[in-house]
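Each chain, written out:
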Amino acid sequence: MPTSSPPITLISPCGGYLTDLMVPEERREAEKVYVGGLPSVQLSERAVCDLEMLATGGFSPLTGFMGEADYHAVLETMRLVSGHLFPVPVTLPVESPAGIRLHSDLALRNTQNELLAVMTVEEIYPWDPAELAYRVCGTTDERHPFVAELRRWGRYNLAGRLRVLQLPAHHDFPALRLTPAATRERLASLGRGNVVAFQTRHPLHRAHEEMMRRAIQETEGTLLLHPAVGMTEPGAVDPYTRIRAYNTLTRRYFEPGKVLLALLPLAMRLSGPREALWDALIRRNYGANFIVTGRDHGTPGSEENGPKFYEPYAAQSLLDRYAAEIGVIIIPFRELVYLPDEERYEEITNIPKDARFFSLSGAHLRERYLNTGTTIPAWFVRPEAADILEETYPPRSRQGFCIWFTGLSGSGKSTTASVLTVRLQAYGRQVTVLDGDVVRTHLSKKLGFSREDRDTNIRRIGFVASEIVRHGGATVCAAVSPYRATRDEVRAMIDPDRFVEVFVDTPLYVCEKRDVKGMYAKARRGEIAGFTGIDDPYEPPLHPEIHLDTVGCTAEENAERIVAYLTEKGFLKPA
């Protein structure tokens, strides 16, 4: 008589079981009626992602947004108070605790005002963005997108018992949106105890495929292809395009039953080594006991278009240090390159002496092929995936960009912007102009000139600009934007690769001479308070893409400098 195979046992979740914060279905309607009369907090996109991960056990053993003791313990030791390793804080920030009472219930809603959960507020505590940035990301440099984002968060955190009534609705690829429990069930059904996770936020190129195949072979297991589809980084290829390509590749180029594609609703922090360790813990909750880690895991930027915040293999070092404790074994890869004469891929440290090789990276894919409209070679990306990428990622000359003029009032921003706008239109680009004075008349009509209101005004301009750029348009923004940190926020909001900061560097005495409205004179007499350059500081850019002189150069000459820069970067086709 045939006997059935014993059930496959996967590695246990962190802490021994998956956290489940969902209210039982039979109680949800009554809970919703009760919640209807409660005060509420609207969650950010990041907080919604975090709530989903908490509710389903993706962040096990965490049972809610962190209280103050856990928050500080994680910052300082990468551990919860319980002793469990957890390298990244997960918190719920709010602008002000006004109207929020301890030991009372609070409704948590998304940006569409849909009810997601109830929190019994047990803690309200302040936190410091600079401390969080330095501890978790290792930097307070606001060119790091997560560090820049932190400035927009409220300065108080809420914590307390969570009761989740519904998960965020996802209308894309529902069959691939598997909870940790569902992922474990699917993996167990494939019949292999070893599961190796592959984390990605980029389109898959052939080097990725090679890593995945080698990992499957080395572990004799199942590969969990687990792309992050929450918040990644400005400028990343959108998740819809990536997932279409993943689907195609896994169906056509991998043995059936060896790869499970599932989507991870994770809001990344891009914190390098800590991010990698966090990724490993999360993947253990989804059933993986191995994780592939390559160069620059969980980091922002690249050599071509951003700063290097972490050493290339720092993530591998930290993961290796904690591998025994977390029970997830790292499968490390050095940089993989293509050897055209041998038609194979190899780690760069193993290539034969004097051998020809081609490097592969997401940056190369964007810069050398997608941005230039050049056909992607089959040795780099599979033709099927290349077709999908080329459909949705146009050449640089058809991509959006933002020219951000900053400088003192009267420096010549608007004059140069006007000349530039006409020049861009002559190149066939449709341009939207967002002038600081005009925006204040309409979009920011009720705002004053306090630091907070000025920041709000700049963020509004930045948001509108980001939407224009995202849809392929060109925008020219001219605003004093005196504070460096806020300008860096806008850069991160738009995409550093499509943001051109233009510093209109005109001496204060020249600006005062040009002031036909007499604003500087009023500020000098004390009739206007907080005027930039007089009794409120202007923080000049440290690394502007373009530095203009409006004393020795005309607006036409300066506009031509910007046109030349845009042409060199590929945003304009040579006339």
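This text goes with the structure placed above it.
Residues numbered from 1 in each chain as written. Predicted model: local features only at pLDDT ≥ 70, side-chain atom pairs only at ≥ 80, totals over all residues. Heavy atoms only, no water.

Chemist: Talk me through the sheet that holds strand 16 (residues 474–478); I want residue IDs and the actual numbers.
Modeler: With respect to topology, 5 strands assemble into an open sheet ordered 15-16-14-17-18, the strand pairing being parallel. In this open sheet, the two edge strands, each paired with only one partner strand, are strand 15 (431–435) and strand 18 (546–548). Sheet twist, expressed as the average angle between the axes of neighbouring strands with direction ignored, equals 15°. Strand direction decides the pairing type here: strand 14 (residues 401–406) and strand 16, joined by 5 bridges, are parallel. Across the sheet, the residue bridging to Phe405 is Ala478, located in strand 16. Against the sheet, helix 16 (residues 484–494) contacts strand 14 and strand 17 (499–504), and its axis sits at roughly 155° relative to strand 17. (Pairing = 2+ DSSP bridges. Helix = DSSP H or I, 4+ residues; strand = E, 2+ residues; numbered from the N terminus. Axes fitted to C-alpha atoms, helices over the stretch in contact; angles between N-to-C directions. Contact = heavy atoms within 4.5 Å.)

Chemist: Describe the side chain of His144, naming the residues involved and giving the relevant values.
Modeler: Counting through the fold element by element, His144 comes out in the loop between helix 4 (129–137) and helix 5 (145–150). We classify His144 as buried; its relative accessible area is 0%. Here Tyr310 takes part through its side chain, which lies 3.4 Å from a polar atom of the side chain of His144. With residues near it in sequence (within four places) discarded, His144 still touches Cys137, Thr139, Arg269, Leu270, Pro300, Phe309 and Tyr310. (Buried < 20%, exposed > 50% of the residue type's maximum accessible area, 1.4 Å probe, protein only. Polar contact = N/O pair within 3.5 Å; in protein donor to acceptor, adjacent residues only side chain to side chain.)

Chemist: Break down the environment of Tyr310 for me, with residues and values.
Modeler: Mapped onto the fold, Tyr310 is located in the loop between strand 9 (290–293) and helix 10 (314–326). The buried category is assigned to Tyr310, whose relative accessible area is 12%. Distance in space between the C-alpha atoms of Tyr310 and Ser271 is 8.7 Å, their sequence separation being 39 residues. Not counting the four nearest positions on each side in its chain, Tyr310 is found in contact with Cys137, His144, Leu270, Ser271, Gly272, Pro273, Asp296, Thr299 and Pro300. For Tyr310, the side chain forms a polar contact with the main-chain oxygen of Cys137, separated by 2.7 Å.

Chemist: Help me get a handle on the pairing of strand 12 (residues 344–347), residues and values and all.
Modeler: Across 4 bridges, the pairing between strand 11 (residues 336–339) and strand 12 is antiparallel. Residue Tyr338 lies in a different strand from strand 12, and its bridge partner there is Tyr345. The turn linking strand 11 back onto strand 12 is made up of 4 residues, and Glu343 within it adopts a positive phi angle of 50°.

Chemist: Go over the nonpolar core, please, and point to the residues and values.
Modeler: Among the nonpolar cores identified, the biggest contains 62 residues, and Phe59 and Ile326 are the most heavily contacted of them. Of all the secondary structure elements, the ones that give two or more residues to this core are helix 2 (45–56), strand 2 (92–94), strand 3 (105–109), strand 4 (115–126), strand 5 (156–164), strand 6 (195–198), helix 9 (273–285) and helix 10. Not counting the four nearest positions on each side in its chain, Phe59 is found in contact with Asp50, Met53, Leu54, Phe86, Val90, Leu266, Trp278, Ile282 and Asn285. Ala245, Val292, Leu336 and Val381 belong to the second largest nonpolar core, which has 41 residues in total. (Core = buried A, V, L, I, M, F, W, Y, C linked by side-chain atoms within 4.5 Å.)

Chemist: Any details on the packing of aromatic side chains? Residues and values, ideally.
Modeler: Ring pairs (aromatic) are described by centroid distance and by the angle formed between their planes. This structure, assessed with the given rule, holds 16 aromatic pairs. Aromatic side chains Phe401 and Phe571 sit 5.1 Å apart centroid to centroid with 50° between the ring planes, which places their arrangement in the tilted category. Taken together, the residues span a long stretch of sequence, with Phe401 in strand 14 and Phe571 in the segment after helix 19 (555–569) at a distance of 170 residues. For the pair Phe401 and Phe571, one class covers both residues: buried. The rings of Tyr338, Tyr345, Phe358, Tyr369, Trp379 and Phe380 are connected pair by pair, giving a single aromatic cluster. The ring of Tyr253 carries Arg382 above its face, with NZ or CZ at 3.8 Å from the centroid. (Phe/Tyr/Trp six-rings, centres within 6.5 Å; stacked < 30°, edge-to-face > 60°. Lys NZ or Arg CZ within 6 Å of the ring centre and 35° of its normal.)

Chemist: Break down helix 2 for me, citing the residues and quoting the values.
Modeler: With 12 residues, helix 2 extends 17 Å from end C-alpha to end C-alpha; this agrees with the ideal 16 Å at 1.5 Å per step. Of all 12 residues that make up helix 2, 11 are buried, and the element is covered over most of its length. Taken together, the buried positions of helix 2 are Arg46, Ala47, Val48, Cys49, Asp50, Leu51, Glu52, Met53, Leu54, Ala55 and Thr56. Turning to helix 2, the residues buried within the fold contact strand 2, strand 4, helix 5, strand 5, helix 6 (180–189) and helix 9. Positioned one or two residues after helix 2, Gly57 has a phi angle of 95°, which is positive. (Expected span 1.5 Å × (residues − 1).)

Chemist: Mind laying out the pairing of strand 14, listing which residues take part and the relevant values?
Modeler: Two faces, one strand: in a regular strand the side chains alternate between the faces of the sheet. Most of strand 14 sits inside the fold, with 6 of its 6 residues counted as buried. On strand 14, burial covers both faces: Phe401, Ile403 and Phe405 on one face and Cys402, Trp404 and Thr406 on the other are all buried. Sheet topology places strand 14 next to strand 17; 5 bridges connect them, and they run parallel. In the strand pairing of strand 17, Cys402 is matched with Phe499.

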